[in-house]
Amino acid sequence: MKILNNQSMLIITVALVGLNLRPFMTSIGPVTQQIRLSTGLNLQGIALLTLVPMLLMGLIAFIGPAIQNALGERKAILSALLLISFGCGLRFVVPNGSILILTAAIIGLGVAVIQAIFPSLIKRKFKQHLSPMMGLYSAMLMGGGALGAVFAPAMTNTHGDWKIGLSIFALPALVALLFVFCFIRSDSVDGKSKPTVMLFLKQPRTWLLMCCFGLINGGYSSIVAWLAPAFQELGWSATASGHLMAVLTLSQAAAALVLPYLSRHHKDRRGWLALTLILQLIGFSGLAFFPEMMPYLWVVTVGVGLGGCFALLMIVVLDHLPEPVYAGQLSALMQGGGFILAAMAPWLVAILHGMSGTYRAGWLWHLTMVIFVSVLMIRLNPQHYDKVIRLGRR
């Protein structure tokens, strides 16, 4: 008798793939000073290490279905993991800041393809357990961020070279690639004709979801890029700020796993979303006004808020349409527009830092965006889902 059946191995594969989607970004913050000294990149240059991949995540999401049709689901995921591993490995020999930004683009391209394809795969494979599985995927995505924040400064301190700290993440990508090769099959996807991107873009709800997802993930991308440098300006070491980043990402992972499970019997998830937004308000306020008073409290609250909100929005978008193919397209577009918005946030925070000399203005900007999103999310009433997306006869 097999110890683990195919479904169990598929769950492990989903977890491993999710684990590889964020370390390349969260590993940058704790070793920012070493990178700047070695490459000469300024803060806006460092911001490109987050902006470029986030922008690619947005742009590729729009053509994710075309990539899936051209390569097939399995080949697209395998190719994406190969890009992630190659980009991370290339960081071991990167000669300058420009090539380092290029590696961010290579890895970001791989991550973008996976993020465009995976939600519809999960909805199709785990239709009866959508909330827990999307929670697991989101939690592992955030948990991978914790690995990046802890291992990058640790490896840098041990070997005296930040390039080793960044390139080590080629290895887990290869492990994930092996599992995908063994346990994700080339299933034939539903042959129904798919609505065009333009048809979705004519729906106001698509734009509402993009704004909510993008403005919330802008907070995530800024926190990932600037939390560690912000506390290093306050006198924290790279290792200590890396541990703070790890607490942030573990908080995100815990919330991304637990909140979807707790909300699994509630079609209307606005109450749970409201909780995550309140926590973000508390966290960003603390970081802006009292960063040294209770730093771990602010980091945990903003982490739980961001991680829980991300996971719940990934479920809410899939709730809008019953068919996995259509729901996956809507999810890809939400991520597409959303990540383009989110990509701008770290760069904006760098600009505000240059103008004010502190990170407070950046945290206050995100505080304002959370309030704005709170108003938008009132409209996410599941009783109206069948009315707000009109795709003709399905």
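Right above here is the structure, for reference.
Residues take numbers from 1 onward in each chain, read along the sequence in its written order. Reporting in this predicted model follows two pLDDT cut-offs: at least 70 for local features of residues, and 80 or more for side-chain atom pairs to be given and counted; totals over whole chains, interfaces and linings ignore these cut-offs and use all residues. Side-chain calculation: all heavy atoms of the structure are included, whereas hydrogens and water are not.

**Some details on the overall build of the chain**
Put simply, DSSP marks the helices as runs of H or I at least four residues long and the strands as runs of E at least two long, and each gets a number from the N terminus on. A count of helices and strands for the chain gives 17 helices and 0 strands. Its C-alpha radius of gyration of 20 Å places the chain within 12% of the 21 Å reference for a compact globule of 394 residues. Here the C-alpha coordinates of the chain stretch approximately 60 × 45 × 40 Å along the principal axes. Only protein chains enter the accessibility calculation, which uses a 1.4 Å probe; a residue is then buried when its area is under 20% of its type maximum, exposed when over 50%, and partly exposed in between. Within the chain, buried positions represent 59% of all 394 residues. Only heavy atoms matter for contacts: two residues are in contact if any of them lie within 4.5 Å across the pair. Sequence-distant contacts, at least 24 apart, represent 84% of the contacts inside the chain between residues at least 6 apart. Here the accessible surface of atoms and residues is derived via Shrake-Rupley with a 1.4 Å probe, and residues count as covered only by protein chains that are part of the display. In the structure as shown, the chain presents an accessible area of about 15200 Å², 69% of it carried by carbon and sulfur atoms. Taken as two groups, the 26 positive and 10 negative side-chain charges of the chain have centres that lie 6 Å from each other. In this setup the radius of gyration rests on C-alpha atoms only. A globule is expected at 2.2 Å times the number of residues raised to 0.38. By the counting scheme adopted, Arg and Lys are positive, Glu and Asp are negative, and His together with the chain ends is not counted. Every charge is mapped to an atom, namely NZ of Lys, CZ of Arg, CG of Asp or CD of Glu.

**Thoughts on the nonpolar core**
Joining through side-chain atoms within 4.5 Å is the link that ties buried Ala, Val, Leu, Ile, Met, Phe, Trp, Tyr and Cys residues into a set, and such a set is a nonpolar core. One finds Ile-122, Trp-226 and Met-377 to be the most contacted residues of the largest nonpolar core, which totals 129 residues. For this core, the element with the most residues is helix α11 (residues 204-233), which contributes 16 residues. Setting aside chain neighbours within four positions, we find Met-377 in contact with Cys-212, Ile-216, Arg-270, Leu-273, Leu-277, Cys-309 and Leu-313.

**A short note on the pattern of salt bridges**
In what follows, salt bridge is the name for a side-chain nitrogen of Lys or Arg lying within 4 Å of a carboxyl oxygen of Asp or Glu. Taken as a whole, this structure holds 4 salt bridges when the rule is applied. Here Arg-270 ties to Asp-268 by a salt bridge, and the two come within 2.8 Å at their closest N and O atoms. By relative accessible area, which is 25% here, Arg-270 ends up partly exposed.

**A look at the side chain of Thr-13**
One can find Thr-13 in helix α1 (residues 6-19). Accessibility expressed as a relative area gives 0% for Thr-13, which makes it buried. Here the side chain of Thr-13 touches Met-9 through a polar contact of 2.8 Å, landing on its backbone oxygen. Setting aside residues up to four positions removed in sequence, Thr-13 forms contacts with Phe-179, Val-180, Phe-183 and Ile-184. Counted as a polar contact is a pair of N or O atoms within 3.5 Å, where, for protein atoms, one must be capable of donating a hydrogen and the other of accepting one, and residues adjacent in sequence contribute only when both atoms are in side chains.

**Section: the state of the cysteines**
In what follows, a disulfide is any cysteine sulfur pair within 2.5 Å. The full count for this structure, using the stated rule, is 0 disulfides. No disulfide involves Cys-211; its nearest neighbouring cysteine sulfur is the one of Cys-212, lying 7.0 Å away. No disulfide involves Cys-309; its sulfur sits 8.0 Å from the nearest other cysteine sulfur, which is in Cys-212.

**Points about a nonpolar patch on the surface**
Judged by side-chain polarity, Phe-289, Phe-290, Met-293, Met-294 and Leu-297 come together as a nonpolar surface patch covering roughly 490 Å² of accessible area. Relative to the assigned elements, Phe-290 resides in the loop between α13 (270-289) and α14 (295-319). Every patch collects residues that have over 30% relative accessible area and no salt bridge, joining them within 9 Å if they carry like charges and within 5 Å if they are nonpolar side chains (Val, Leu, Ile, Met, Phe, Trp, Tyr).

**Quick word on the environment of Gly-72**
Topologically, Gly-72 is positioned in the loop between α4 (43-71) and α5 (73-90). Each C-alpha atom of the pair Gly-72 and Ser-186 lies 7.4 Å from the other, and the pair is 114 residues apart in sequence.

**Considering α14**
Helix span, as expected, comes to 1.5 Å for every residue beyond the first. Counted at 1.5 Å a residue, the expected span for α14 with its 25 residues is 36 Å, and the 36 Å between its end C-alpha atoms agrees. Burial analysis of α14 places 21 of its 25 residues in the buried class, which makes it a mostly covered element.

**Details of the environment of Ser-374**
Mapping Ser-374 onto the fold places it in helix α16 (residues 360-376). Judged by relative accessible area, which is 26%, Ser-374 ranks as partly exposed. Sequence separation of Ser-374 and Leu-364 is 10 residues, and the distance between their C-alpha atoms is 16 Å. Polar side-chain contacts of Ser-374 include one of 2.8 Å to the backbone oxygen of Val-370.

**What about the packing of α11 against α16?**
Axis definition: a line fit to C-alpha positions, over the contact stretch in the case of helices; interaxial angles, taken between N-to-C directions, run 0 to 180 degrees. Contact pair α11 / α16: the axes reach a minimum separation of 10 Å and the direction vectors enclose 160 degrees. Relative to α16, α11 is oriented roughly antiparallel. In this structure, α11 crosses over α16, and the sense of that crossing is left-handed. Residues Leu-208, Cys-211, Cys-212, Leu-215, Ile-216, Gly-218, Gly-219, Ser-222, Ile-223, Trp-226, Leu-227 and Ala-230 of α11 touch α16, and the partners they reach there are Trp-363, His-366, Met-369, Phe-372, Val-373 and Leu-376. When residues are grouped by polarity, Ala, Val, Leu, Ile, Met, Phe, Trp, Tyr, Cys and Pro land in nonpolar, Asp, Glu, Lys and Arg in charged, and all others, Gly among them, in polar. Within the contact of α11 with α16, the residues separate by chemical class into 14 nonpolar, 4 polar and no charged. The cut-offs work like this: below 35 degrees is roughly parallel, past 145 is roughly antiparallel, 65 to 115 is roughly perpendicular, and the gaps in between are oblique. Take the far helix as the reference: if the near one is turned anticlockwise from it by less than a right angle, the crossing is left-handed, and if turned clockwise, right-handed.

**So, the side chain of Thr-26**
Tracing the backbone shows Thr-26 in helix α2 (residues 23-26). Residue classification places Thr-26 among the buried residues on the basis of a relative accessible area of 0%. Residues in contact with Thr-26, not counting those within four places in the same chain, are Gly-144, Gly-145, Gly-148, Ala-149, Tyr-220, Val-224, Met-245 and Thr-249.

**Digging into the packing of α14 against helix α15 (residues 324-356)**
Look at α14 against α15: their axes get within 8 Å of each other, and the N-to-C directions meet at 135 degrees. In terms of orientation, α14 and α15 fall into the oblique class. In this structure, the crossing between α14 and α15 has a hand that is right-handed. Listed contacts from α15 to Leu-313, Met-314, Val-317 and Leu-318 of α14 are Ala-327, Gly-328, Leu-330, Ser-331, Met-334 and Gln-335.

**Digging into the packing of aromatic side chains**
Aromatic pairing here means that ring centres of Phe, Tyr or Trp (its six-membered ring) are within 6.5 Å. Orientation follows from the plane angle: under 30 degrees is stacked, over 60 is edge-to-face, and everything else is tilted. Under the criterion given, the structure shown has 10 aromatic pairs. Here the aromatic rings of Phe-118 and Tyr-137 are separated by 5.5 Å at their centres, their planes lie at 35 degrees, and the arrangement is tilted. Here Phe-118, found in helix α6 (residues 97-125), pairs with Tyr-137, found in helix α7 (residues 130-159); they are 19 residues apart in sequence, far enough to count as distant. Residues Phe-118 and Tyr-137 agree in their burial class; the two are buried.

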